[in-house]
Amino acid sequence: MTTMKSVLTGAKNEIDVVETERPTPGPKDALVRIRACGICGTDTLFVRMGGTPYNTPDGSVVPLPLGHEPAGDVVEVGAEVTDLKVGDRVVINPQAAPSGIIGCGGSLGGMNEYLLIENAVPGESVAVFPDELPFDVAALNEPMAVARHCVNRSEAGPADKVVVFGAGPIGLGVTIWLKLRGVEHVVVADVIPERLRTALAVGADAVVDSATEDITARLTELHGQAADALGQPRAGTDIYIDAAGVPAVFQAALDAAKWKAKLVMVAVQKKSDAIDLGGMLRSELTLIASQGYPTEIFEVTAELAEHKDRFAELISHRVPFSEVDRAFELALTPGAAEKVVVTFDPA
């Protein structure tokens, strides 16, 4: 039996690196050697839980294969696969696997030396990317599809003034897509100065340190003054994007929002009873939720390659697979890293 190393959830706050059988592709499948895989907040959630209760009838926690942000090269294809060949460099749609979402409850994970692509169809389960796109940046394809869907949901246009709350990978990805879309003015707000510096590096027009600055006053200074439905003075910001998920952000948007502004939620929201929803009435604020990437998973791939240097700014740590324990320690430690990508030896 040929084996490979795979990363699973272990005890709470720990991972296990185990030897598992290397998959053999069926007639419609392909086998991909993983060359890079990002660590997502969802991965760290499962690690903190020690697994997932979502796919067990009794709610018991079971070990979970991790990793849903992989990029690699094809090493074997099934007899019926005609549009992929050995050597193709590919990114993967984790939601297309018939056996369940890769790295998010399914039986397969991308934080492995090899990954089976079930029903390997370019444009559906995989997309080929050019040689000039490094594997570590290609591993951003999935989270950048999440960010792209958020921007698509916002319907932001060139004349809009936008603020993005949260300068993590998704918020920064949103910022890049907004600027590539031609949006006039994009502000990024966060409480970590290093993140704000990265926001400027990827194209934000201005940043706000929300730990020390008054959000409404700064947005009014940057975007001009407008009013809510009652005529009360408000910032001239058209679109608020919540990529942070904390109640204070939601409330800050309600406090600042002008008449008919939009609030797009892309972050997982933390529960709170402290949000004044009456503020939505005073501004007729439109609340838009953004989940996943219904169509965007490979919509982003070509532009990711075209603007690879810009997207590379999002990666704070590149950690070899031989040190995958350290990679997860970084990802699990608040403030220790922004985006961690695990890299695999090409041999």
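Residues numbered from 1 in each chain as written. Predicted model: local features only at pLDDT ≥ 70, side-chain atom pairs only at ≥ 80, totals over all residues. Heavy atoms only, no water.

As for empty space enclosed by the protein
Going through the model one piece at a time under the given rule, you end up with two cavities of 30 Å³ or more. Of the voids in this model, the largest cavity is the one considered here, and its volume is about 40 Å³. Lining the largest cavity are Ile-92, Asn-93, Ala-96, Ala-97, Ile-102, Leu-108, Leu-116, Ile-117, Glu-118 and Ser-125. Counted as a void, the second largest cavity has a volume near 30 Å³. His-68, Glu-69, Pro-70, Val-91, Ile-92, Ala-138, Ala-139, Asn-141 and Glu-142 together form the lining of the second largest cavity. Contributions of two or more residues to the lining of the second largest cavity are made by β5 (89–92) and α3 (141–154). When its residues are assigned to classes, the lining of the second largest cavity shows five nonpolar, two polar and two charged. (1 Å grid on protein atoms, 1.4 Å probe; cavity = no way out; pocket = protein on both sides within 12 Å on 5 of 7 lines; lining within 4 Å. Points joined across faces, edges and corners; volume = space filled by probe spheres on them. Helix = DSSP H or I, 4+ residues; strand = E, 2+ residues; numbered from the N terminus. Nonpolar A, V, L, I, M, F, W, Y, C, P; charged D, E, K, R; others polar.)

Considerations on the pairing of strand β3 (residues 30–38)
The buried count for β3 comes to eight of nine residues, which makes it a mostly enclosed element. Taken together, the seven bridges between β3 and strand β4 (residues 70–77) define a ladder with antiparallel strand orientation. Bridge assignment links Arg-33 to a residue of β4, and that residue is Asp-73. One ladder, built from four bridges, connects β3 with strand β6 (residues 114–117); its direction is antiparallel. Opposite Leu-31, over in β6, you have Leu-116 as the bridge partner. Sheet topology note: the β3/strand β17 (residues 340–343) ladder contains three bridges and is antiparallel. (Buried < 20%, exposed > 50% of the residue type's maximum accessible area, 1.4 Å probe, protein only. Pairing = 2+ DSSP bridges.)

Taken by themselves, the reported measurements are silent on function.
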